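Reading the structure
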Amino acid sequence: MFGYLVTRLAAHPENVATDALHYVLSSSPATARALELHLRRAAELPVGLHYDVQSTGEDGSIPDLAGVAEDGSTPLLVEAKFHAGLTANQPVSYLRRLPADRPGLLLFVVPAMRLELLWTEVLSRAKLTDPAAPAGEFRAVTAADGHVLAMTSWRSLLAVLAEAAVTAGDRAAVANLDQLRGLCDRMDSQAFHPLAPEELSGSVAVRLRQYTGLINKAVDRLIASGTATPGTTRFGRGGARAGVEWWGRFFGLSDVSCLLRMSAIRWAEDRATPLWLQVGYNGSPPPAVVHAALAPLQAERSRVFRRRLFVDVAIDLLPGAEEDAVIDHIARQIERVTALLPGLVTNDASTEVLDGMADAELADEDSGGPA
């Protein structure tokens, strides 16, 4: 019931979850100690922290939760997320708020389904790399001054706290954590959140229209420069197409059929960008071959994805730039892909015209999982 009421009545469920977590940690010594022990495997945090909610720093950053040591320093900052994006201060300004010359940890707590996407984004913003292969629901890397940037899922964190509460016989904490877990499970399942009036004011529609404009202008620029062609041997010509949760434009790169599209599902699950380049179509060239050819791009985390019938390449947008600079940035990323594609198409490829392909078939390609 708690999860249902929060999603119905609270404009920002993250704030409710943060307050609930703060209440549990402040009222249950067993769970507070369990959190310290859990995080000390990544950073040597002091013991006996107490917690403040949304303490504003001198730089204007407002972490959701701050772990305060006896000397008044804040060696632990916690930022809670459900579906909200990262703010301009995250994570760089937050890392700077950690005490200098002593251990500190910035922890993001996020839905399990968003963990990989948000981990990729915070690493990129902090200019850090994670050499470990993605595994489990707790990630940590060392940043400047020996501080640690970490991320875990609500599911994983609450399981640690609940185990400690059960072991300590703290029935109140167990009940409170059950309520918080219900909210997190509801948010992790992408429960529909009531629309806010500002979402309907037109700004969202204008931005979506601009995304489609970026696609057309970038493809036109690539064709004008000779990097791309309107069509391919296999499809004759490309053009605009749409399907379930995507809109895009087909064209050719080194005679490989490609689709630059705005994909809601890929944006929500794989990388923080609305634009995606589909390389190949309906298994031609074979996705394994394309994936191998794009190996130089795979060093960038969450950049290249092998789907069932094609390969996806995330195309990042350039924040804080004018339109021409954004289009140039898109074009340069696609040019990198183009340089790796020559020779992938065989001479005996059959001619198959794209016109008349059912939207359902195209949509099925976009929803195909990894091969």
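Residues numbered from 1 in each chain as written. Predicted model: local features only at pLDDT ≥ 70, side-chain atom pairs only at ≥ 80, totals over all residues. Heavy atoms only, no water.

1. With respect to the sheet that holds strand S6 (residues 148-153)
Test applied: What makes two strands pair is DSSP finding at least two bridges between them. Strands here are runs of E lasting at least two residues and helices are runs of H or I lasting at least four, both read from the DSSP assignment and numbered beginning at the N terminus. Here the axes come from fitting lines to C-alpha atoms, over the contacting stretch only for helices, and the angles between their N-to-C directions go from 0 to 180 degrees. Contacts between residues were defined by any pair of non-hydrogen atoms, one from each residue, lying within 4.5 Å.
Read from one edge to the other, the open sheet built from six strands follows the order S1-S2-S3-S4-S6-S5, with strand pairing classed as mixed. Whereas interior strands pair on both sides, the edge strands pair on one side only; in this sheet they are strand S1 (50-53) and strand S5 (138-142). Strand-to-strand twist of the sheet, defined as the mean angle between neighbouring strand axes without regard to direction, takes the value 20°. Relative to strand S2 (residues 65-68), S1 runs antiparallel, the two being bridged by four bridges. Paired with His-50 across the two strands is Val-68, which belongs to S2. Helix H2 (residues 13-27) contacts S1, S2 and strand S3 (76-80) of the sheet and is inclined by roughly 155° relative to S1. In the packing of helix H3 (residues 29-39) onto the sheet, contacts are made with S1, S3, strand S4 (105-110) and S5, and the angle to S1 comes to roughly 95°.

2. Looking at the sheet that holds strand S8 (residues 246-253)
The strand order across the open sheet formed by six strands is S7-S8-S9-S10-S12-S11, and the pairing between neighbours is antiparallel. Lying at the two open borders of the sheet, with one neighbouring strand each, are strand S7 (239-243) and strand S11 (304-306). With strand direction ignored, the average angle separating the axes of adjacent strands in the sheet is 25°. The pairing of S8 with strand S9 (residues 256-263) spans eight bridges and is antiparallel. Opposite Trp-246, over in S9, you have Ser-263 as the bridge partner. Most of the contacts of helix H8 (residues 203-225) go to S8, to which it runs at about 5°, and overall it touches S8, S9 and strand S10 (275-279). Along the sheet, helix H11 (residues 323-338) makes contact with S8, S9, S10 and strand S12 (311-315), crossing S12 at roughly 150°.

3. Section: the packing of H2 against helix H7 (residues 171-188)
How we decide: Working rule for angles: under 35 degrees goes down as roughly parallel, over 145 as roughly antiparallel, 65 to 115 as roughly perpendicular, anything else as oblique. By convention, the crossing between two helices is left-handed when the near helix turns anticlockwise from the far helix through less than a right angle, and right-handed when the turn is clockwise.
The interhelical angle for the contact between H2 and H7, taken along N-to-C directions, is 155°, at an axis separation of 10 Å. Put simply, H2 runs roughly antiparallel to H7. Between H2 and H7 the crossing geometry is left-handed. In this structure, H2 uses Pro-13, Ala-17, Ala-20, Leu-21, Tyr-23 and Val-24 to contact H7, whose residues at the interface are Asn-176, Leu-177, Leu-180, Leu-183 and Met-187.

4. Structural notes on the pattern of salt bridges
Side chains that differ in sign of charge can pair as their charged atoms come close. Just so we agree on the cut-off: Salt-bridge detection follows one rule: a side-chain nitrogen of Lys or Arg within 4 Å of a carboxyl oxygen of Asp or Glu. Throughout, exposure labels follow a simple rule: accessible area from a 1.4 Å probe, protein chains only, divided by the maximum for the residue type, with under 20% read as buried, over 50% as exposed, and the rest as partly exposed.
One pass over the full model with this rule turns up 23 salt bridges. A salt bridge links Arg-303 to Asp-316, with the shortest nitrogen-to-oxygen separation between them at 2.9 Å. Taken as a pair, Arg-303 in the loop between helix H10 (287-293) and S11 and Asp-316 in the loop between S12 and H11 lie far apart in primary sequence, 13 residues in all. In terms of burial, Arg-303 and Asp-316 fall into one category: buried. With a closest N to O distance of 3.0 Å, Asp-312 and Arg-307 form a salt bridge. Each member of the pair, Asp-312 together with Arg-307, is buried. Overlapping salt bridges bring together Arg-261, Arg-266, Glu-269, Asp-270, Arg-307 and Asp-312 as one network.

5. Quick word on the pairing of S9
Among the eight residues of S9, eight are classified as buried, and the element is accordingly described as predominantly covered. The side-chain alternation of S9 yields two buried faces, one formed by Val-256, Cys-258, Leu-260 and Met-262 and the other by Ser-257, Leu-259, Arg-261 and Ser-263. With antiparallel pairing between neighbouring strands as the criterion, S8 and S9 make up a hairpin whose turn holds two residues, including Ser-254 at a positive phi of roughly 50°. As paired strands, S9 and S10 are joined by five bridges and run antiparallel to one another. Opposite Arg-261, over in S10, you have Trp-276 as the bridge partner.

6. Some thoughts on a nonpolar patch on the surface
Counted only if it meets this: Each patch groups residues whose relative accessible area exceeds 30% and which form no salt bridge, using 9 Å between like charges and 5 Å between nonpolar side chains of Val, Leu, Ile, Met, Phe, Trp and Tyr. Shrake-Rupley sampling with a 1.4 Å probe provides the accessible areas, and residues are treated as covered by the protein chains on show and by no other component.
A contiguous nonpolar patch, built from Val-204, Leu-208 and Trp-267 and spanning about 240 Å² of accessible area, is present on the exposed surface. Take Val-204: it is sitting in helix H8. Judged by its relative accessible area of 41%, Val-204 is partly exposed.

7. Some remarks on the packing of aromatic side chains
Applicable threshold: Stacked, tilted and edge-to-face are the three classes applied to pairs of Phe, Tyr and Trp rings, where Trp contributes its six-membered ring and a pair requires centres within 6.5 Å; stacked means planes under 30 degrees apart, edge-to-face means over 60, and tilted covers the rest. Think of it as a cone above the ring: NZ of Lys or CZ of Arg counts as a charge over the ring if it is within 6 Å of the ring centre and within 35 degrees of the ring normal.
Per the stated rule, a full pass over the model turns up four aromatic pairs. With a centroid separation of 5.7 Å and 85° between ring planes, the pair formed by Phe-250 and Tyr-281 is classed as edge-to-face. Note that Phe-250 is positioned in strand S8 and Tyr-281 in the loop between S10 and H10, a separation of 31 residues in sequence. Neither Phe-250 nor Tyr-281 differs from the other in exposure class; each is buried. Above the plane of the ring of Phe-138 lies Arg-41, whose end atom (NZ or CZ) is 4.3 Å from the centre.

8. Digging into the nonpolar core
For clarity, the cut-off: In these notes, a set of buried Ala, Val, Leu, Ile, Met, Phe, Trp, Tyr and Cys residues joined through side-chain atoms within 4.5 Å is what counts as a nonpolar core.
Ranked by size, the top nonpolar core spans 38 residues in total, and within it Leu-105, Trp-154, Leu-161 and Leu-180 carry the most contacts. Breaking this core down by element, the ones donating at least two residues are H2, H3, S3, S4, S6, helix H6 (154-168) and H7. By residue number, the principal contributor to this core is H6, which donates seven residues. When sequence neighbours within four positions are dropped, the list of residues in contact with Trp-154 reads Ala-17, Leu-21, Ala-80, Lys-81, Phe-82, Val-109, Val-110, Pro-111, Leu-180 and Cys-184. Val-290, Val-311, Ile-330 and Ala-331 belong to the second largest nonpolar core, which has 32 residues in total.

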